[in-house]
Amino acid sequence: MKIHEYQAKEVFGRYGVPVPVGAVCTTSQEVIDYAVKLGKAIVVKAQVHAGGRGKAGGVKIAKTVEDAQLAADAILGMDIKGFTVKKVLCEPAIDIKDEYYLGVVQDRALQTNTVIVSAAGGIDIEQVAEETPEKIAKHPIDPITGFQTWHAWDVAKRGGLPPAAIPGAVKTLRGLVAAYLASDANMAEVNPLVLTVGGEIIAADGKMVIDDNALYRQQALQGYHEGSDEDEIEAEAHRQDIQYVKLDGNVGVIGNGAGLVMTTLDEVTRAGGKAANFLDIGGGAKAELVRNSLEIVMMNPRVKSVFFNIFGGITRGDEVAKGILQAYDQLNLKLPIVIRLAGTMADEGRRLLEGSPLIPAATMQEAARKAVELAG
Ligand code: GDP
Ligand code: MN
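What you see is a predicted model; the values in this text were computed from it and never measured.

1. Thoughts on the domain arrangement of the protein
So, step 1. Split by domain assignment, the protein resolves into domain 1 (22–92), domain 2 (96–222) and domain 3 (236–375).
So, step 2. Computed over C-alpha atoms only, the centres of domain 2 and domain 3 are separated by 44 Å.

What follows is the structure in structure tokens.
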């Protein structure tokens, strides 16, 4: 789950990262009121789940109240990479002398949480990594020793930060890593960390991504969830606790067990087709869940055929068959459904389906071929 800059700054601030004190506004009037109250230059920043807001015109400095109004009018309602700006963060403008990059990510190659520092801040870190990788310093965090002050000191120096920025960067790094670990994040980033003309260190931007699988134990962060970014069908599946991921093909896929469903997606591709989704009904699914799952798959108008791939273990073939028949009755289905049913109670299931419009298949490969053919 991505969270907004102002939310990331709330979290970072709790762990000792020096963040500006700002206000979230949803109307131009609120921005004007903030500018009047502050009585000096402000920065107005679009709050959307997309990076590169600066380049897109979503970050503006306003020296006067009139400028603040113009900035608010320009940014509120603006579209940034497909997201409409509904909120802006207003903060006192910073007199920036220098900009740096600090981040923590789950590094799959190094198999650790890894701290990244670069003196080339303010710009896209991916671009720095590609064009001038020597400007990036990394520190893989040892899970036994943890991230200590001397580690922060060392990586900040290797990242090329000047002496004036190092004490502030060390404090920020320690706070950032603490916030990252405590929040079950996959990524936490300050870009830029700024050195002000006055010699202060401030986190001018903040970004954090929380591991969705840990949200159940991150009570404090659940309030940050915004359904609107989610695909409509995925959101409905979520509400029903159904494991569904939308894809861009036209063969609907339902199976039991994540591994089997992944294999099913591969088989559809091998047969020359493209899957419309991933849907795992899990182990021991009852008829009602089968029915609801079909309903979710059918919500996608691109679906032209459905491939049911069930290997009965604790899932019973007759329950699956009952669910599909229920769905046929209740949902008035017109699409061809190909089913491969094997394992526990598969014979009973197949008997139940006799005379129905369902298309049986003996193997996964045969089912994939048929489903792809029927999808056109
Ligand atoms: P991003 O483009 O989405 O990463 O948004 P940022 O918050 O990083 O802002 C982009 C750029 O705007 C920063 O790199 C800064 O150069 C500039 N910026 C942001 N806040 C301030 C501020 O308070 N004062 C000044 N002068 N520049 C700022
Ligand atoms: Mn930034």
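2. Examining the coordination of the manganese ion (ligand 2)
So, step 1. Coordination sphere of the manganese ion (ligand 2), protein contribution only: Asn-191 (O) and Asp-205 (OD), at 2.2 Å. Residue Asn-191 is found in strand 11 (residues 185–196), and its partner Asp-205 is found in the loop between strand 12 (201–203) and strand 13 (207–210); the two are separated by 14 residues along the sequence.
So, step 2. Judged by its relative accessible area of 15%, Asp-205 falls in the buried class.

3. Some thoughts on the pairing of strand 13
So, step 1. Alternating positions in strand 13 separate cleanly, Met-208 and Ile-210 being buried on one face and Lys-207 and Val-209 remaining unburied on the opposite face.
So, step 2. In this sheet, strand 13 lies alongside strand 1 (residues 2–3) in antiparallel orientation, the contact comprising two bridges. Across the sheet, Lys-2 pairs through a bridge with Val-209, a residue of strand 13.

4. Considering the site of ligand 1
So, step 1. The full set close to ligand 1 counts 15 residues, and Lys-45, Arg-53, Gly-54, Ile-94 and Glu-99 are the nearest of them.
So, step 2. Arg-53 is positioned with one of its side-chain polar atoms (N or O) 2.7 Å from an oxygen atom of ligand 1.
So, step 3. In the model, an oxygen atom of ligand 1 is placed 2.9 Å from a nitrogen or oxygen of the Ile-94 main chain.
So, step 4. Its free accessible area being 560 Å², ligand 1 has 80% of it covered by the protein chains.
So, step 5. Placement of ligand 1 is best described as lying within the largest pocket.
So, step 6. Breaking the shell around ligand 1 down by element, the ones donating at least two residues are strand 3 (42–46), strand 4 (59–62), strand 8 (96–107) and strand 11.

5. Remarks on the pattern of salt bridges
So, step 1. Using the criterion set out here, one finds 16 salt bridges in the structure.
So, step 2. Here Glu-5 ties to Arg-53 by a salt bridge, and the two come within 2.8 Å at their closest N and O atoms. In this pair, Glu-5 is assigned in helix 1 (residues 5–14) and Arg-53 in the loop between strand 3 and strand 4, connecting sequence segments 48 residues apart. In terms of burial, Glu-5 and Arg-53 fall into one category: buried.

6. Let's talk about the side chain of Arg-291
So, step 1. Mapped onto the secondary structure, Arg-291 falls in helix 10 (residues 287–298).
So, step 2. For Arg-291, the side chain forms a polar contact with the side chain of Asn-292, separated by 3.2 Å.
So, step 3. Ignoring any residue separated from it by four or fewer positions in sequence, one finds Arg-291 in contact with Gly-323, Gln-326, Ala-327, Gln-330 and Leu-331.

7. Some details on the sheet that holds strand 4
So, step 1. Taken in spatial order, the four strands line up as 2-7-3-4 in an open sheet, and their pairing is antiparallel. What marks the edges here is a single partner per strand, and that holds for strand 2 (23–25) and strand 4. Taking each pair of neighbouring strands and ignoring which way they run, the sheet shows an average axis angle of 25°.
So, step 2. Here strand 3 pairs with strand 7 (residues 88–92) via five bridges, running antiparallel. By the bridge assignment, Lys-45 is partnered in strand 7 with Leu-89.
So, step 3. Sitting on the sheet, helix 2 (residues 28–38) is in contact with strand 2, strand 3 and strand 7, with an inclination near 10° to strand 7.

8. So, the layout of surface pockets
Summary: where empty space remains is shown by rolling a probe the size of a single water molecule over the atoms.
So, step 1. The space that makes up the largest pocket amounts to roughly 990 Å³.
So, step 2. Taken together, 35 residues line the largest pocket, and the ones lying closest to its centre are Gly-122, Ile-123, Asn-191, Pro-192 and Asp-205.
So, step 3. Going through the elements one at a time, strand 3, strand 4, strand 8, helix 4 (125–131), strand 10 (136–140) and strand 11 are the ones with two or more residues in the lining of the largest pocket.
So, step 4. The element contributing the most residues to the lining of the largest pocket is strand 11, with five residues.
So, step 5. Looking at the lining of the largest pocket, its residues break down into 17 nonpolar, six polar and twelve charged.

9. Comments concerning unusual backbone geometry
So, step 1. Of note, the amide linkage connecting Asn-191 to Pro-192 takes the cis form, showing an omega dihedral of 10°.
So, step 2. For Pro-192, the location among the structural elements is in strand 11.
So, step 3. Despite not being glycine, Asn-332 shows a phi value in the positive range, around 55°.
So, step 4. By the secondary structure assignment, Asn-332 is in the loop between helix 11 (317–331) and strand 18 (337–343).
So, step 5. The class of Asn-332 is exposed, set by a relative accessible area of 54%.

10. Let's talk about the nonpolar core
Soluble, globular proteins show a tendency: their nonpolar side chains are buried together.
So, step 1. Residues Phe-12, Val-115, Leu-173, Leu-193 and Met-208 are the most contacted members of the largest nonpolar core, which totals 39 residues.
So, step 2. A per-element tally of this core places helix 6 (residues 166–182) first, with eight residues.
So, step 3. Non-local contacts of Met-208, meaning those with residues more than four positions away in its chain, are made with Met-1, Lys-2, Ile-3, Ala-8, Val-11, Phe-12, Ala-179, Ser-183, Ala-185, Met-187 and Ala-188.

11. Things to note about the state of the cysteines
So, step 1. As enumerated under the stated definition, the model contains zero disulfides in all.
So, step 2. Free of any disulfide, Cys-25 has its nearest cysteine sulfur in Cys-90, 3.9 Å distant.
So, step 3. Its relative accessible area of 3% is what places Cys-25 among the buried residues.
So, step 4. By relative accessible area, Cys-90 is classed as buried at 0%.

The rules behind each value
Residues numbered from 1 in each chain as written. Chains lettered and ligands numbered in written order. Predicted model: local features only at pLDDT ≥ 70, side-chain atom pairs only at ≥ 80, totals over all residues. Heavy atoms only, no water. Domains from an automatic or database assignment. Donors = N, O, S within 2.8 Å, 3.2 Å for Na, K, Ca; no water. Helix = DSSP H or I, 4+ residues; strand = E, 2+ residues; numbered from the N terminus. Buried < 20%, exposed > 50% of the residue type's maximum accessible area, 1.4 Å probe, protein only. Pairing = 2+ DSSP bridges. Near = heavy atom within 4 Å. Polar contact = N/O pair within 3.5 Å; in protein donor to acceptor, adjacent residues only side chain to side chain. Areas by Shrake-Rupley, 256 points an atom, 1.4 Å probe, with all protein chains shown as cover. 1 Å grid on protein atoms, 1.4 Å probe; cavity = no way out; pocket = protein on both sides within 12 Å on 5 of 7 lines; lining within 4 Å. Sits in = over half its atoms within 2 Å of the grid points. Salt bridge = Lys/Arg side-chain N within 4 Å of Asp/Glu carboxyl O. Contact = heavy atoms within 4.5 Å. Axes fitted to C-alpha atoms, helices over the stretch in contact; angles between N-to-C directions. Points joined across faces, edges and corners; volume = space filled by probe spheres on them. Nonpolar A, V, L, I, M, F, W, Y, C, P; charged D, E, K, R; others polar. Core = buried A, V, L, I, M, F, W, Y, C linked by side-chain atoms within 4.5 Å. Disulfide = S-S within 2.5 Å.

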